[in-house]
Amino acid sequence: MMLFPTNEFVKLKESLVIYECALKNIEMRIDILLKDFLTFQAYNPIEHVKMRVKTPESIAEKLHRHNLSLTVENARTHIFDIAGIRCICYYAKDITYIADVLKRQPDIIVRGEKDYITNPKPSGYRSYHLILDVPVHLTNKTEILPVEIQIRTQAMDFWASLEHKVRYKYKNKMPDHLSKELILCADKIAELDRRMYLIQEIVDMAY
Ligand code: 0O2
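All of the points below concern the structure found in this document. Note that the coordinates shown come from a computational prediction; the quantities given were computed from them, not determined experimentally.

## Re the pattern of salt bridges
This structure, assessed with the given rule, holds 19 salt bridges. Residue Arg-52 is joined to Asp-81 by a salt bridge in which the shortest nitrogen-to-oxygen separation is 3.9 Å. With Arg-52 in strand β1 (residues 46–53) and Asp-81 in the loop between α3 (72–78) and β2 (83–89), this pair connects stretches of sequence that are 29 residues apart. Given the relative accessible area of 9%, Asp-81 is considered buried. Notably, a salt bridge pairs Asp-81 with Lys-62, separated by 3.1 Å at the nearest N-O pair. Highlighted residues: Asp-81 in the loop between α3 and β2 and Lys-62 in helix α2 (residues 56–65), separated in sequence by 19 residues. Exposure class is identical for Asp-81 and Lys-62. Each is buried. Connected through salt bridges with shared partners, the residues Arg-52, Lys-54, Lys-62 and Asp-81 form a single ionic network.

Right, here's the structure in full:
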């Protein structure tokens, strides 16, 4: 297991408190959107939301994977998913809608976007990643920190949890037959998402 040197670890723990605040900022925005969807819009696309701040062990492992030394500065400069929130929605079409609504907020800066739905990863992974820079106002300074929002359907989320479990179990050396099976499942899931959406559209038109 990769570990931060003690002096860096102490600084990292302090930084993680600020990442937690940045995460709260995005959580609040999504909570407001939920209230809006439920009160003023015809339909609520968000099924549920989960969030986490990466553990020091996971940050260290990612820095190591990118051949970077274990320092807080490297973590803050090179890792954009220390604060992460996952927004699970019903249909694939909801994904760009939610992303667009967030991107339109005037006090948010979009640092980056990765559309793994249009361009799935070789593993079969599908999800939409948005990295937003948010301000955290402290007593004597303001820090701008990135928060990664992963937006995906329930089916994509189901797949990602299983794939993550398999990859972890085999320590990133997944047997060929399992990775092929997972790619097949990912394609079937994308097809299922499309068909379920069509059913929903037909029902909507009927009433
Ligand atoms: P965790 O446990 O979710 O925190 P990287 O490619 O990870 O070195 P980058 O640029 O952050 O660097 O990658 P990317 O593509 O934006 O993906 C970051 C996160 O997306 C991952 O975080 C996963 O949560 C998720 N992800 C990306 N690819 C896959 C995949 O093939 N399978 C699954 N299940 N999830 C994926 P972490 O840090 O890997 O893990």
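Next comes the rest of the description.
## Some details on the site of the ligand
The local shell around the ligand holds 19 residues, among which Lys-54, Lys-114, Tyr-116, Ser-123 and Glu-163 are the closest. A distance of 3.2 Å separates an oxygen atom of the ligand from a polar side-chain atom of Gln-150. One of the side-chain nitrogen or oxygen atoms of Arg-167 is found 3.3 Å away from a nitrogen atom of the ligand. Taken by itself the ligand offers 730 Å² of open surface, and the protein chains cover 78% of this.

What counts and how
- Counting from 1, residues in each chain are numbered in the order their sequence is written.
- The predicted nature of this model means local features are confined to residues of pLDDT at least 70 and side-chain atom pairs, given and counted, to a pLDDT of 80 or more, with totals for whole chains, interfaces and linings taken over all residues.
- Side-chain measures were taken over the full set of non-hydrogen atoms in the model, leaving aside hydrogen atoms and water.
- Note on definitions: salt bridges are taken to be side-chain nitrogens of Lys or Arg within 4 Å of carboxyl oxygens of Asp or Glu.
- Strands are runs of DSSP state E lasting at least two residues, helices are runs of H or I lasting at least four, and both sets are numbered from the N terminus onward.
- Here's how the labels work: a residue is buried when its accessible area is under 20% of the maximum for its type, exposed when over 50%, partly exposed in between, all with a 1.4 Å probe on protein chains only.
- Nearness of a residue to a molecule or strand requires only that one of the residue's heavy atoms be within 4 Å of it.
- In the analysis that follows, any N or O atom pair within 3.5 Å is treated as a polar contact, provided that within protein one partner can donate a hydrogen and the other can accept it, and provided that, for residues neighboring in sequence, both atoms belong to side chains.
- Where accessible areas are quoted, they stem from the Shrake-Rupley method and a 1.4 Å probe; at the residue level, only the protein chains shown are allowed to cover.

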